[in-house]
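Working through the structure, step by step
Here are the chains, one letter per residue:
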Amino acid sequence: MKYITIIHKSRYGYDISVPALPGCHSQGKTKKEALKNIQDAILAYIAISREELKGTEVKEVEVASP
């Protein structure tokens, strides 16, 4: 699965977040390191989400555009 990421360069390195996964973010000294770290963060986010959703009902809802 592919996710859009937002990469921000700061004086300390690179901060990276995934808008589709609220709270999923990471960082690295280089862009390459930040991208590797966000892959690990995404996998952890998905694993935690699956655990939290165990035993719950999940439904897809369609919303008509205006």
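Shown above is the structure to which this text applies.
These remarks concern the structure in this document. Predicted model, so just to flag it, every value in this text is computed and none were measured. Residue positions are counted from 1 within each chain, in the order its sequence is given. Given that this is a predicted model, residues contribute local features only at a pLDDT of at least 70 and side-chain atom pairs are listed and counted only at 80 or more, while totals for whole chains, interfaces and linings are drawn from all residues. Just so you know, side-chain values use all the structure's heavy atoms and leave hydrogens and water out.

Observations concerning the overall build of the protein
Put simply, the rule is: Secondary structure is summarised from DSSP: a helix means a run of H or I of at least four residues, a strand means a run of E of at least two, and numbering begins at the N terminus for each. Partly exposed describes any residue whose relative accessible area lies between the buried limit of under 20% and the exposed limit of over 50%, with all areas from a 1.4 Å probe on protein chains only and scaled to the type maximum. Here, two residues are considered to be in contact whenever any of their heavy atoms come within 4.5 Å of each other. By the counting rule applied here, Lys and Arg register as positive and Asp and Glu as negative, while His and the ends of each chain are not counted. Just so you know, the charge point we use is NZ for Lys, CZ for Arg, CG for Asp and CD for Glu.
Helices and strands together make up the secondary structure of the protein, namely one helix and three strands. Sequence-ordered secondary structure for the protein, helices as α and strands as β, is β-β-β-α. When its C-alpha atoms are laid out on the principal axes, the protein stretches across 45 × 35 × 20 Å. The proportion of buried residues among the 66 residues of the protein is 20%. When contacts within the protein are restricted to residue pairs at least 6 apart in sequence, those whose partners lie at least 24 apart make up 12%. Charged side chains of the protein number 10 positive and 8 negative; the gap between the two group centres comes to 12 Å.

Considering the sheet that holds strand β2 (residues 13-17)
For clarity, the cut-off: The pairing criterion for strands is at least two bridges between them, as found by DSSP. Between the N-to-C directions of two axes lies an angle of 0 to 180 degrees, each axis being a line fitted to C-alpha atoms and, for a helix, fitted only over the stretch in contact.
In space, the three strands of this open sheet follow the order β1-β2-β3, with antiparallel pairing throughout. At either margin of the open sheet sits one strand with a lone partner, and together these are β1 (6-10) and β3 (25-28). Taken over all neighbouring pairs, the strand axes of this sheet differ in orientation by 20° on average, direction set aside. Pairing of β1 with β2, which is carried by five bridges, proceeds in the antiparallel orientation. Each residue of the ladder has a partner; that of I7, found in β2, is I16. Packing against the sheet, helix α1 (residues 31-53) makes contact with β1, β2 and β3, and its axis sits at approximately 150° to β3.

Side note on the pairing of β2
Hairpin geometry of β1 and β2 is characterised by an intervening segment of two residues between the two adjacent antiparallel strands. As judged from the four bridges shared by β2 and β3, these two strands associate in the antiparallel manner. Across the sheet, the residue bridging to Y14 is G28, located in β3.

Looking at the nonpolar core
The criterion, for reference: Only buried residues count toward a nonpolar core, which is a set of Ala, Val, Leu, Ile, Met, Phe, Trp, Tyr and Cys residues joined through side-chain atoms within 4.5 Å.
Judged by nonpolar contacts, Y14, I16, V18, L21, C24, A34, I38, A41 and I42 together constitute the single largest core of nine residues. Among the elements of the structure, β2 and α1 are those that each provide at least two residues to this core. Top element by residues in this core is α1. It accounts for four residues. In contact with A34, other than residues within four places in its own chain, are Y14, I16, Q27 and G28.

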